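Coordinates in review
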Amino acid sequence: MSILYRSDAPRAAAWARYFAEHAPDLDFRVWPEAGKLEEIEYLIAWQPPREFLAALPRLKVLFSSGAGVDHVDFSAVPAHIPIARMVEPGIINGMVEYVSLAVLALHRDFFDYVAAKASRSWNALEVPPAASRTIGVMGMGVLGRAVLERLSAYGFRLRGWNRSLRPVQGVESFAGAEQLQPFLAGCDVLVCLLPLTPATQGILNRELFGMLPANAALINVGRGPHLVDADLIEALDSGRLSRAILDVTDPEPLSPEHPFWTHPRVFLTPHVASMTQPDSAAPILLENLRRHQRGEPLLNVIDRSRGY
Ligand code: NAP
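Below you will find a few notes about this structure. (Residues numbered from 1 in each chain as written. Predicted model: local features only at pLDDT ≥ 70, side-chain atom pairs only at ≥ 80, totals over all residues. Heavy atoms only, no water.)

**What to know about the pattern of salt bridges**
This is how the line gets drawn: When a carboxyl oxygen of Asp or Glu lies within 4 Å of a side-chain nitrogen of Lys or Arg, that pair is called a salt bridge. Counting from the N terminus, the helices are DSSP H or I runs at least four residues long and the strands are E runs at least two residues long. Relative accessibility under 20% of the residue-type maximum defines a buried residue, over 50% an exposed one, and the middle range a partly exposed one, all with a 1.4 Å probe and only protein chains included.
Taken as a whole, this structure holds 14 salt bridges when the rule is applied. A salt bridge links R58 to E41, with the shortest nitrogen-to-oxygen separation between them at 3.6 Å. Taken together, the residues R58 in the loop between α2 (50-54) and β4 (61-64) and E41 in strand β3 (residues 40-45) connect sequence positions 17 residues apart. Note on R58: relative accessible area 45%, which makes it partly exposed. E41 gets classed as buried once you look at its relative accessible area, which sits at 6%. Two residues, E172 and R159, come together in a salt bridge whose shortest N-O distance is 3.2 Å. Separated by 13 residues along the polypeptide, E172 in strand β8 (residues 172-175) and R159 in strand β7 (residues 157-162) bring together distant segments of the chain. Each of D27, R29 and E39 takes part in one network of salt bridges that share partners.

Encoded structure:
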């Protein structure tokens with residue numbers, strides 16, 4: 001039984017160690033030392049190339065090494081092969097930390113104080129209570145719900161938007177295109193945690209920014225192509241939006257000439273909000289693989305028709 005890891009190279013050794021210790025019956029290989037590709041039955045991958053997938057005739061399951069699956073060309077994976085995404089505590093905790101940090105930095109005016117220090121300005125701003133701010137999360141999935149739960153501890157008012165209405169305790173819930181406007185109308189900080197699909201590409205655009213209250217801030221931790229860059233610059237420059245914190249861009253890395261680098265009210269991080277952690281992810285993936293071997297339903301299989 002052969003399994004190939006073709007993902008983030010620095011963390012490959014940790015994956016290999018875990019499988020060697022806990023699944024010695026599995027022939028765990030790390031790309032590019034893949035051996036005979038026709039022997040591979042399970043693949044853990046990020047952005048697997050089309051021609052590479054075509055060279056795996058015995059593939060049984062494709063495991064995405066990340067939470068999203070937008071890096072997978074579904075048409076290159078035969079329809080009978082399930083695609084499972086990564087749901088594991090390391091990714092969830094990382095995202096909860098990053099979004100909490102971003103929301104609190106906005107709430108407590110940290111970016112203003114960074115600028116104030118540069119000009120030696122001692123200027124105390126008002127400290128409004130958390131309960132006076134509403135944080136809205138687009139995409140109340142595994143990550144969005146975890147983020148909302150942590151933010152509730154600070155006392156923020158919370159709302160969330162999904163495709164289908166799935167109420168979450170303590171969160172004002174909205175769903176579908178018809179409830180997007182009422183959802184946005186109350187968000188002081190908007191967090192994008194949507195998967196990238198044809199329906200969500202370009203969703204963070206001028207029209208959407210126009211539905212937010214004046215001075216709202218944006219945190220994009222979904223994917224770069226959710227955002228229409230020029231529309232964000234315009235919204236910031238016109239004062240419609242106050243700030244943007246972007247962990248994802250299109251393309252990645254962002255080109256050196258891109259205006260986001262120098263925009264005073266854009267804060268950038270290089271797609272580090274959260275990462276798959278081998279220590280917590282490998283046991284979960286191995287258990288999922290064992291389920292498949294035992295003929296039990298796989299967990300976290302994506303629905304190709306929805307794209308997530
Ligand atoms: P998930 O559990 O699949 O949740 C996705 C949520 O988005 C669901 O609640 C879904 O609503 C909603 N949604 C999807 N399409 C929609 C649409 N057209 N309109 C409204 N709502 C829609 O995914 P997750 O694990 O939370 O991850 C979300 C995304 O985070 C990933 O796809 C990835 O792009 C991003 N991510 C980023 C990083 C980073 O480091 N920046 C790390 C990990 C993940 P329904 O339930 O109603 O269908």
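**Quick word on the sheet that holds strand β10 (residues 216-220)**
Cut-off, in case you're wondering: Between any two strands, pairing holds if DSSP finds at least two bridges. Working convention: axes come from line fits to C-alpha atoms, limited for helices to the stretch in contact. Angles between N-to-C directions cover 0 to 180 degrees.
Spatially, seven strands are ordered β8-β7-β6-β9-β10-β11-β12 in an open sheet, and the strand pairing comes out parallel. With partners counted over all chains shown, the strands left at the sheet margins are β8 and β12 (266-268), one partner each. In this sheet, neighbouring strand axes are inclined to one another by 15° on average, regardless of whether the strands run parallel or antiparallel. Sheet analysis places strand β6 (residues 134-138) next to β7, joined by five bridges and oriented parallel. Note on β7: the bridge partner recorded for G136 is R159.

**Comments concerning the pairing of β4**
Two faces, one strand: in a regular strand the side chains alternate between the faces of the sheet. Going residue by residue along β4, you find V61 and F63 tucked away on one face and L62 and S64 tucked away on the opposite face as well. Summarising the sheet, β3 and β4 pair through four bridges and their orientation is parallel. When the bridges of β4 are listed, I44 appears paired with F63. With two bridges joining them, β4 and strand β5 (residues 83-84) adopt parallel strand pairing. Residue pairing for β5: F63 is matched across the bridge by A84.

**A word on the packing of helix α1 (residues 12-22) against helix α9 (residues 278-293)**
Operational definition: Note that the term roughly parallel is reserved for angles under 35 degrees, roughly antiparallel for angles over 145, roughly perpendicular for angles of 65 to 115, and oblique for everything else. By definition, any crossing whose near helix is turned counterclockwise from its far helix by less than a right angle is left-handed, and any crossing with a clockwise turn is right-handed. Note on definitions: a residue-residue contact is assigned when non-hydrogen atoms from the two residues lie within 4.5 Å.
Closest axis-to-axis distance for the α1/α9 pair is 10 Å, and the angle between their directions is 50°. Here α9 runs oblique to α1, going by the angle between their axes. Two packed elements cross with a definite hand, and for α1 against α9 that hand is right-handed. Side by side, α1 and α9 meet where A14, W15, Y18, F19 and H22 of the first sit next to P278, A281, A282, P283, L285, L286 and R290 of the second.

**Notes on the site of the ligand**
This is how the line gets drawn: In this text, near means that some heavy atom of the residue lies within 4 Å of the molecule or strand in question. Any N or O atom pair separated by 3.5 Å or less is treated as a polar contact, with the protein-specific requirement of one donor-capable and one acceptor-capable atom, and with residues adjacent in sequence counted only for side-chain atom pairs. Per-residue and other accessible areas were derived by the Shrake-Rupley procedure at a 1.4 Å probe size, with only the shown protein chains allowed to occlude residues. When residue character is reported, Ala, Val, Leu, Ile, Met, Phe, Trp, Tyr, Cys and Pro are called nonpolar, Asp, Glu, Lys and Arg charged, and the others, Gly included, polar. Domain limits in this description derive from either an automatic procedure or a database domain assignment.
In the region of the ligand, 29 residues are neighbours, and R85, N162, S164, R166 and Y308 sit closest. V142 has a polar backbone atom sitting 2.9 Å from an oxygen atom of the ligand. For the ligand, an oxygen atom lies 2.7 Å from a polar atom in the side chain of N162. Computed on the free molecule, the ligand has an accessible area of 950 Å², of which 93% lies beneath the protein chains in the complex. Residue composition of the shell around the ligand, grouped by class: 14 nonpolar, nine polar and six charged. Split by domain, the shell around the ligand shows at least three residues from each of two domains, domain 1 (2-88 + 276-293) and domain 2 (89-268).

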